[in-house]
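Residues per chain, in single letters:
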Amino acid sequence: MTTTLSPAAVTPLTIQDAEALLATARTAAEAAGVAAAVSVLDAGGHLLAFRRDDRAVLIAGETSTRKAFTAIQLGAPTADLVDAVQPGGLFHTLPTALDRPLLFIAGGVPVFRDGRLIGAVGVGGGAPEQDHGFATAAVEALA
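Residues numbered from 1 in each chain as written. Predicted model: local features only at pLDDT ≥ 70, side-chain atom pairs only at ≥ 80, totals over all residues. Heavy atoms only, no water.

**Here we look at the sheet that holds strand β1 (residues 37-42)**
The four strands are arranged β2-β1-β4-β3 in an open sheet whose pairing can be described as antiparallel. Whereas interior strands pair on both sides, the edge strands pair on one side only; in this sheet they are β2 (47-52) and β3 (108-113). Taken pair by pair, the neighbouring strands of this sheet meet at an average axis angle of 15°, ignoring direction. The pairing of β1 with β2 spans five bridges and is antiparallel. The residue of β2 that forms the bridge with valine 40 is alanine 49. On the sheet, helix α1 (residues 15-31) packs against β1, β2, β3 and β4 (116-124) and is oriented at approximately 25° with respect to β2. Contacting β1, β2, β3 and β4, helix α2 (residues 59-74) crosses the sheet at an angle of about 155° to β4. (Pairing = 2+ DSSP bridges. Helix = DSSP H or I, 4+ residues; strand = E, 2+ residues; numbered from the N terminus. Axes fitted to C-alpha atoms, helices over the stretch in contact; angles between N-to-C directions. Contact = heavy atoms within 4.5 Å.)

**As for the environment of glycine 45**
With respect to the element layout, glycine 45 can be found in the loop between β1 and β2. Excluding residues within four positions of it along the chain, glycine 45 makes contact with Phe69 and Ile72.

**Things to note about the pattern of salt bridges**
Using the criterion set out here, one finds five salt bridges in the structure. With its nearest N and O atoms 2.7 Å apart, the salt bridge here joins aspartate 17 to arginine 113. Placement of aspartate 17 in helix α1 and of arginine 113 in strand β3 is noted, with a sequence separation of 96 residues between them. The exposure class assigned to aspartate 17 is buried, which follows from its relative accessible area of 13%. Across the pair lysine 67 and aspartate 131 runs a salt bridge, and its minimum N-O distance is 2.9 Å. Separated by 64 residues along the polypeptide, lysine 67 in helix α2 and aspartate 131 in helix α4 (residues 128-142) bring together distant segments of the chain. (Salt bridge = Lys/Arg side-chain N within 4 Å of Asp/Glu carboxyl O. Buried < 20%, exposed > 50% of the residue type's maximum accessible area, 1.4 Å probe, protein only.)

**So, the nonpolar core**
Counting 20 residues, the largest nonpolar core has Leu21, Val40, Val121 and Val123 as the members making the most contacts within it. Going through the elements one at a time, α1, β1, β3, β4 and α4 are the ones with two or more residues in this core. Residue contacts for valine 40: discarding those within four places in its chain leaves Leu13, Ala18, Leu21, Leu22, His46, Leu47, Leu48, Ala49, Ala120 and Val121. Among the nonpolar cores identified, the runner-up in size contains eleven residues, and Ile72, Leu81, Val85 and Leu102 belong to it. (Core = buried A, V, L, I, M, F, W, Y, C linked by side-chain atoms within 4.5 Å.)

**Some details on the packing of α1 against α4**
Following both chains from N to C, one finds α1 and α4 inclined at 135°, their axes separated by 8 Å at the closest point. Considering the angle they form, α1 stands oblique to α4. The hand of the α1/α4 crossing is right-handed. Across from Asp17, Leu21, Thr24, Ala25, Ala28 and Ala29 in α1, the residues of α4 making contact are Phe134, Ala137, Ala138, Val139, Ala141 and Leu142. (Parallel < 35°, antiparallel > 145°, perpendicular 65-115°, else oblique. Left-handed = near helix turned anticlockwise from the far one by under 90°.)

**Let's talk about α4**
The first and last C-alpha atoms of α4 sit 21 Å apart over 15 residues, in line with the 21 Å expected at 1.5 Å per residue. If you check which residues of α4 are buried, you get Asp131, Phe134, Ala135, Thr136, Ala138 and Val139. Among the structural elements, α1, α2, β3 and β4 are those in contact with the buried residues of α4. (Expected span 1.5 Å × (residues − 1).)

As structure tokens, then:
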């Protein structure tokens with residue numbers, strides 16, 4: 001009999017985690033006076049939690065989800081990827097080369113647990129730097 005060792009299991013992003021991320025990001029946005037939308041996706045890119053402030057522009061819902069999806073796909077905050085899609089950047093053609101809902105605007109932040117990617121939070125509705133700050137606050141609070 002042969003025994004193989006499997007990597008240690010990492011608890012996936014739970015609905016409780018997703019709701020905590022959503023609540024923290026919304027609280028940060030509200031404190032800054034920003035009407036925002038927040039999306040939380042699991043590691044497979046599936047929506048676990050979503051909330052759009054009724055005063056937020058409608059597109060904020062779509063941008064928050066796309067920012068989270070982009071953070072999952074590349075395993076990095078979207079704020080760190082903005083320059084990579086500029087002319088001459090490493091990923092310059094990526095937004096148009098794939099049939100994926102990628103969005104290279106700050107506001108998407110991946111969530112890691114024990115060094116493994118387990119999901120992402122995306123925020124839309126404020127200035128990109130604000131959205132990044134709200135998403136980062138949520139991820140830091142979960143950690």
